[in-house]
Structure formats: structure tokens, C-alpha cells
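Residue strings, one per chain:
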Amino acid sequence: MRVFRLTQDHDYSGLAFEREEDSRLYVHFDGSSLSSEWPIVPVVPADDDPVGVDQSDFWTRGTIPVFSDRAVQHLGKVLLRHGELLPLDAEWGRVHALNVTVVRDALDESEARVARVSSGEIMSISRFVFRPELVYDVELLKIPQKPRAFVMARDSFVERVRRAELVGFSFVDLWHDEQPNPYASAEGRRYRPASGTTG
């Protein structure tokens, strides 16, 4: 069993919020429900990377994961088991922010390497160690120590993305439970399912 950080493959163009007032939306993505008050938020291409924004199936805006309509067709059931799909308005088609609402106190703080502020709150985590019994039955999750930080994905979710041949995803290796890892050769390596490459 392995846990990865879900992130974007930067070989693909990113996206940005069109309105300045939306730039801090990520602070609301703390594991609580947002669907009842969610406005439709416009997004635009962030840059002019070689592969256009409309060619990707996945982006991140800050720590918010965003899925194409094609990705939702393949992954929608598992996404909805772990959170809410929130509509974003893009000129190239329907895209969906994922608000992950599965928050598990799965970080083993006694074994992980963390930096704390004077109050004892965790400021950063440089080495992740998870309690397997709290992650084995989920595919996407957040942890209460850093609920607004990035989403974590199990190896089973990585495999779903690979089988669907979706592009734009990158997974950073965070932790394994001593089982062989088919995706990355060392801690912190990236795995891109579309190409099967690490680096």
C-alpha cells in the first residue's frame, strides 16, 4: 500500500481563477462541505505551455484539484465517495473542482518528521508516515493536521487513472508500507500515469 500527493503534470498548461476575489478560495477547502453555497467560478488558462490547457484531464489551482469532464466520466463514482464535485466555468468545456471531505487522523506523528510552531501546531511535514489501518479503505483523503493542504491519493486511485489513460496527473510518492512499489523508485519521486514514467 502506498500514499501519494496528488498534483498536476506541469508538461500541461495550468489554469487560473479569472476573478481576483476567487484567488483565496482554497482556504475554504478544509474538509467541510461547500456544495450548498458554491457559486460557479470562472477559470482561464494560466499560461502558454506547449500542451494547451484544453488537452489535459487534470489541474491544480493552489491545492484545489480540478478534473475535466472526461476524467469525471471515468472517475466520478470514486470522486463522489470521497468528496463533492463543484462546477467551474471554462471556455474549453466543463471542469470540476473536487472538495475532498474524507479527513482521516492517519498521520503517525511519532514516526513522521514534522516542524512545529511554538503553540505545538504542525507547520510542515518533511516525512510522512501513516497508520495503515486508517488509510486502507479510502482512495483520497486529507489529514486534520493540514486540512487545507494538498490531497493525498492511494495507489488504487493511481491505478484507476492509469487504466483510464487520463493525462495531466502527477503523483509524488509520500509513503509505503514496505510492499513493492510499482510506481516510483524512491521517496519523493513523481509518477505520471499517462506515460508510465518516474522522475
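Residues numbered from 1 in each chain as written. Predicted model: local features only at pLDDT ≥ 70, side-chain atom pairs only at ≥ 80, totals over all residues. Heavy atoms only, no water.

**Student:** How would you explain the confidence of the model for the chain if you had to name every residue and give the values?
**Tutor:** When pLDDT is averaged along the chain, the result is 88; 89% of the residues meet or exceed 70. Element-level pLDDT for the chain is lowest in strand E14 (residues 197-198), with a mean of 58, against a maximum mean of 98 in strand E10 (residues 140-141). Counting interchain partners and residues more than four positions distant, the pLDDT-below-50 stretch residues 180-187 has 19 contacts. (pLDDT = per-residue confidence, 0-100. Helix = DSSP H or I, 4+ residues; strand = E, 2+ residues; numbered from the N terminus. Contact = heavy atoms within 4.5 Å.)

**Student:** Any chance you could break down the sheet that holds strand E2 (residues 15-17) for me, citing the residues and the numbers?
**Tutor:** Pairing is mixed in the open sheet, where six strands are placed in the order E2-E3-E6-E7-E5-E4. Edge positions in the sheet fall to E2 and strand E4 (58-61), since each of these pairs with one other strand and no more. The average angle at which neighbouring strand axes cross in this sheet is 40°, direction not considered. Both strand E5 (residues 64-68) and strand E7 (residues 93-100) contribute to a ladder of three bridges, which runs antiparallel. Bridged to Phe 67 within E7 is His 96. Across the sheet, helix H1 (residues 69-82) lies against E5, strand E6 (83-90) and E7, angled at about 135° from E5, the strand it touches most. (Pairing = 2+ DSSP bridges. Axes fitted to C-alpha atoms, helices over the stretch in contact; angles between N-to-C directions.)

**Student:** Got a sec to walk through helix H2 (residues 155-164)? Specific residues and values, please.
**Tutor:** Each turn of an α-helix holds 3.6 residues, which means side chains three or four residues apart point in the same direction. Of all the residues in H2, the buried ones are Asp 155, Phe 157, Val 158, Glu 159, Val 161 and Ala 164. Positive phi shows up at Glu 165, right after H2, with a value of about 55°. (Buried < 20%, exposed > 50% of the residue type's maximum accessible area, 1.4 Å probe, protein only.)

**Student:** I'd like a rundown of the packing of aromatic side chains, residues and numbers included.
**Tutor:** Each aromatic ring pair is specified by the distance between its two centres and by the angle formed by the two planes. For the coordinates displayed, the defined rule picks out 11 aromatic pairs. Taking the centre distance of 6.2 Å and the plane angle of 75° together, the rings of Phe 4 and Phe 171 count as edge-to-face. With Phe 4 in strand E1 (residues 2-8) and Phe 171 in strand E12 (residues 169-176), the pair connects residues that are 167 residues apart, well separated along the chain. As far as the burial class goes, Phe 4 and Phe 171 line up, both buried. (Phe/Tyr/Trp six-rings, centres within 6.5 Å; stacked < 30°, edge-to-face > 60°.)

**Student:** An account of H1 is requested, with residue identities and associated values reported.
**Tutor:** Of all the bends in H1, the largest measures some 80° and sits at Leu 75. If you check which residues of H1 are buried, you get Asp 69, Ala 71, Val 72, Leu 75, Gly 76, Val 78, Leu 79 and His 82. Turning to H1, the residues buried within the fold contact E5, E6, E7, E10, H2 and E12. (Bend = angle between axes of the 7 residues up to and from the residue.)

**Student:** How would you explain the pairing of E4 if you had to name every residue and give the values?
**Tutor:** In the sheet, E4 pairs with E5 via four bridges, with the strands oriented antiparallel. Looking at the pairing, Phe 58 lines up with Phe 67 of E5. Hairpin remark: E4 followed by E5, antiparallel, with two residues in the connecting loop; positive phi at Gly 62, about 65°.

**Student:** Now, about the packing of H1 against H2: what can you tell me, with residues and values included?
**Tutor:** The geometry of H1 relative to H2 is characterised by a closest axis approach of 10 Å and an angle of 160° between their N-to-C directions. In terms of orientation, H1 and H2 fall into the roughly antiparallel class. Between H1 and H2 the crossing geometry is right-handed. In this structure, H1 contributes Arg 70, His 74, Leu 75, Val 78, Leu 79 and Arg 81 to the contact, and H2 contributes Phe 157, Arg 160, Val 161 and Ala 164. For the contact of H1 with H2, the residue count by class is six nonpolar, one polar and three charged. (Parallel < 35°, antiparallel > 145°, perpendicular 65-115°, else oblique. Left-handed = near helix turned anticlockwise from the far one by under 90°. Nonpolar A, V, L, I, M, F, W, Y, C, P; charged D, E, K, R; others polar.)

**Student:** Lay out the pattern of salt bridges in plain terms, naming residues and giving numbers.
**Tutor:** Taken as a whole and judged by the stated rule, the model has 13 salt bridges. Close ionic contact of Arg 116 with Glu 109 constitutes a salt bridge, the shortest N to O distance being 2.6 Å. For Arg 116, a relative accessible area of 41% puts it in the partly exposed group. In the salt-bridge network here, residues are joined through shared partners; they are Arg 19, Glu 21 and Asp 22. (Salt bridge = Lys/Arg side-chain N within 4 Å of Asp/Glu carboxyl O.)

**Student:** Provide a residue-level description of the nonpolar core, including the pertinent values.
**Tutor:** Ranked by size, the top nonpolar core spans 40 residues in total, and within it Leu 6, Phe 67, Leu 75, Phe 130, Phe 157, Phe 169 and Phe 171 carry the most contacts. Counting only elements with at least two residues in this core, the list comes to E1, H1, E7, strand E9 (122-127), E10, strand E11 (152-154), H2 and E12. Among the elements that take part in this core, H1 stands out by supplying five residues, more than any other. Those residues in contact with Leu 75, other than ones at most four positions away along the chain, are Phe 67, Phe 157, Arg 160, Val 161, Leu 166 and Phe 169. Counting 17 residues, the second largest nonpolar core, distinct from the first, contains Leu 25, Phe 29, Val 43 and Leu 88. (Core = buried A, V, L, I, M, F, W, Y, C linked by side-chain atoms within 4.5 Å.)

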